[in-house]
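# What the coordinates show
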Amino acid sequence: MNHLYIHIPFCHRRCSYCDFNTYANLEHRIEAYVAALCAELHMLAEGAFPGGPLPTRAEQRPSPEADALPPTIFLGGGTPTMLSLDQLERVLTAASAIVPLERAEITSEANPGTVLGRDYLRGLRALGVNRLSMGVQSLHDSTLRVLGRIHSADEARRSYEEAREAGFDNINLDFIFGLPGQTQAQWEATLDTIIAWGVDHFSLYSLILEEGTPLYAQVTAGRIRLPEDDATAAMYEAAMERLGAAGYTHYEISNWARESVGPPGALFPERACAHNLAYWLNSDYLAAGAGAHGHRYPRRYHNILGVDDYIAAVGGGRLPCAEWITLTPGDLRAETMLMGLRLSAGVGEAHFAARCGLPLDAAYSDTLAELAAQGLIVRHQERVRLTPRGRMLGNQVFQRFV
Ligand code: SF4
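Here goes a summary of the coordinates provided. The shown structure was predicted, so the numbers you read here are calculated from the model rather than taken from an experiment.

Neighbouring the ligand are the residues Cys-11, Arg-13, Arg-14, Cys-15, Tyr-17, Cys-18, Phe-20, Thr-22, Gly-78, Asn-111 and Arg-149. Of the residues that constitute the shell around the ligand, the class distribution is 5 nonpolar, 3 polar and 3 charged.

Below is the structure:
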């Protein structure tokens with residue numbers, strides 16, 4: 001298996017907008033969790049498959065564009081940097097039986113404020129982590145407080161600089177736009193600042209108000225106001241414009257990578273996140289940890305959510321799978337389109353045919369003709385892509401494949 005996601009479900013404090021599977025005040029369970037995680041990774045390495053029987057050779061499908069990517073490990077959360085270096089080393093050693101570390105893109109998410117200074121970062125780099133993804137979210141302290149983040153803008157900048165000094169030459173920063181009280185001028189100033197930092201990769205997301213979060217309650221009670229949809233769309237357009245002018249390639253709806261000279265004809269920029277590309281190419285990947293989702297066509301599974309239940313399941317000698325489903329060929333086709341159209345490179349006809357087992361036109365000729373006539377997609381050089389208008393109306397396009 002080429003791609004592995006590992007979930008670390010601990011945070012110092014829950015942010016007000018967060019609906020990820022993550023828990024505060026469980027630091028005392030980290031050591032037991034790491035032991036369970038390593039045990040789960042060993043089971044996966046030995047070929048046990050969560051989600052029922054291992055897909056048969058006849059059921060499995062190649063994923064040519066994803067197979068051309070380097071192997072990847074993604075430590076996500078939660079906050080992986082709440083683990084000690086010794087704990088992370090044990091996790092990566094266990095993971096190495098699934099994905100060889102030498103050639104892999106190994107990403108760790110990191111929250112400014114938990115990254116423990118230069119020594120920790122140097123240690124992380126020495127373990128083989130070669131890509132850091134930092135959740136900065138805003139450069140305004142008052143907004144960071146509303147979001148419940150534990151760091152200030154200054155600390156975020158310091159963590160970024162320390163990561164550079166520690167030898168990380170592939171750093172992503174996450175930011176959110178459409179935030180409470182955020183103005184266009186503030187967002188543009190943030191863009192100018194972070195462009196000047198020389199960051200390798202940005203993930204920029206509009207705020208999604210998730211039901212059940214403290215922020216949702218405050219907004220629905222009228223205590224906090226969010227920018228109107230038009231204002232948020234203008235922020236997205238400003239990001240496209242400014243990052244484009246600064247030499248970043250907008251390779252996925254929410255992701256930009258610093259342009260660099262890659263091999264001629266390469267589909268993706270060199271600093272694109274290979275792990276996430278595997279998702280967007282609707283490839284197979286294993287996942288370990290509480291609440292983690294894995295996918296190996298035709299099976300998809302997710303693990304038990306709670307930390308104690310997860311530890312108990314693995315302690316009982318079984319894979320901690322909570323639920324699994326078998327996907328149909330129609331699911332595979334639809335998801336290959338939905339995910340692939342998020343990429344600026346779009347969906348390659350040869351990739352689709354190999355992955356889904358039939359030519360693109362045999363699956364979607366009428367839909368594609370209608371979307372092209374509406375100016376929402378283009379077909380060129382055996383790829384299907386969203387047009388700029390299609391990108392703005394992405395949901396309308398995606399619904400047509402469901
Ligand atoms: S740091 Fe990330 S995972 Fe943790 S609570 Fe905040 S948003 Fe959620």
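Turning to the pairing of strand β16 (residues 377-380), a few remarks are in order. Where β16 meets strand β17 (residues 383-386), 4 bridges bridge the pair, whose relative direction is antiparallel. Counted as the bridge partner of Val-378 is Arg-385 from β17.

Listed in full, the buried residues belonging to helix α4 (residues 117-126) are Gly-117, Tyr-120, Leu-121, Gly-123 and Leu-124. Down the axis of α4, the buried set is contained in an arc of 160°. They therefore lie on one face. The outward face of α4, more than 90 degrees from its buried face, is lined by the exposed residues Asp-119 and Ala-126. Tucked inside the fold, the buried residues of α4 contact α3 (85-95), β6 (131-137) and α6 (153-165). Remark: Gly-128 follows α4 within two positions and exhibits a positive phi of approximately 110°.

The next subject is the pairing of strand β5 (residues 105-110). Burial runs high along β5: 5 of the 6 residues are buried. Across 4 bridges, strand β4 (residues 72-77) lies against β5 in parallel orientation. Looking across to β5, one finds that Ile-73 is bridged to Ile-106. Regarding topology, α3 serves as the crossover connection from β4 to the parallel β5, and that connection is right-handed. Inspection of the sheet shows β5 paired to β6 by 4 bridges, in the parallel sense.

Procedures and definitions
- Residues numbered from 1 in each chain as written.
- Predicted model: local features only at pLDDT ≥ 70, side-chain atom pairs only at ≥ 80, totals over all residues.
- Heavy atoms only, no water.
- Near = heavy atom within 4 Å.
- Nonpolar A, V, L, I, M, F, W, Y, C, P; charged D, E, K, R; others polar.
- Pairing = 2+ DSSP bridges.
- Helix = DSSP H or I, 4+ residues; strand = E, 2+ residues; numbered from the N terminus.
- Buried < 20%, exposed > 50% of the residue type's maximum accessible area, 1.4 Å probe, protein only.
- Arc of directions from axis to C-beta.
- Contact = heavy atoms within 4.5 Å.
- Right-handed = clockwise from strand over helix to strand, strands pointing away.

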